[in-house]
Amino acid sequence: MQVYTLAANAGEHWANMFFLAWMVLGLSYAVYVTLRIWFRA
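Described in the following lines is the structure provided in the data block.

**Notes on the overall build of the protein chain**
Now for step 1: Helix and strand content of the protein chain: two helices and zero strands.
Now for step 2: The proportion of buried residues among the 41 residues of the protein chain is 0%.
Now for step 3: By element, 75% of the accessible surface of the protein chain is carried by carbon and sulfur atoms, the whole surface being about 4,200 Å².

This is the structure we're talking about:
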């Protein structure tokens, strides 16, 4: 049942994963910039 729903909503699932990956990338970049500014000061 789980596998079937995953296959049926594969497009939505991958869209969510792509969105999640971009959010993680943006957050990690924000943390990186913040730390750079902090340690430079």
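Now that the structure has been shown, we can carry on.
**Side note on a nonpolar patch on the surface**
Now for step 1: A contiguous nonpolar surface patch, about 450 Å² in accessible area, is contributed by Trp14, Met17, Leu20 and Val24.
Now for step 2: Its place among the elements puts Val24 in helix 2 (residues 10-40).
Now for step 3: Look at Val24 and you get exposed, because its relative accessible area is 51%.

**Details of the packing of aromatic side chains**
Now for step 1: Tallied over the full model, the rule gives two aromatic pairs.
Now for step 2: Taken together, a centroid distance of 6.2 Å and an interplanar angle of 85° make the contact between Phe18 and Trp22 edge-to-face. With Phe18 and Trp22 both in helix 2, this residue pair falls four residues apart, about one helical turn.
Now for step 3: Ring geometry for Tyr29 versus Tyr32: centroids 6.5 Å apart, planes at 35°, classification tilted. Here Tyr29 pairs with Tyr32, and both are found in helix 2, just three residues apart, close to one helical turn.

Thresholds, definitions, all that
- Residues numbered from 1 in each chain as written.
- Predicted model: local features only at pLDDT ≥ 70, side-chain atom pairs only at ≥ 80, totals over all residues.
- Heavy atoms only, no water.
- Helix = DSSP H or I, 4+ residues; strand = E, 2+ residues; numbered from the N terminus.
- Buried < 20%, exposed > 50% of the residue type's maximum accessible area, 1.4 Å probe, protein only.
- Areas by Shrake-Rupley, 256 points an atom, 1.4 Å probe, with all protein chains shown as cover.
- Patch = residues over 30% accessible without salt bridge, like charges linked within 9 Å, V, L, I, M, F, W, Y side chains within 5 Å.
- Salt bridge = Lys/Arg side-chain N within 4 Å of Asp/Glu carboxyl O.
- Phe/Tyr/Trp six-rings, centres within 6.5 Å; stacked < 30°, edge-to-face > 60°.

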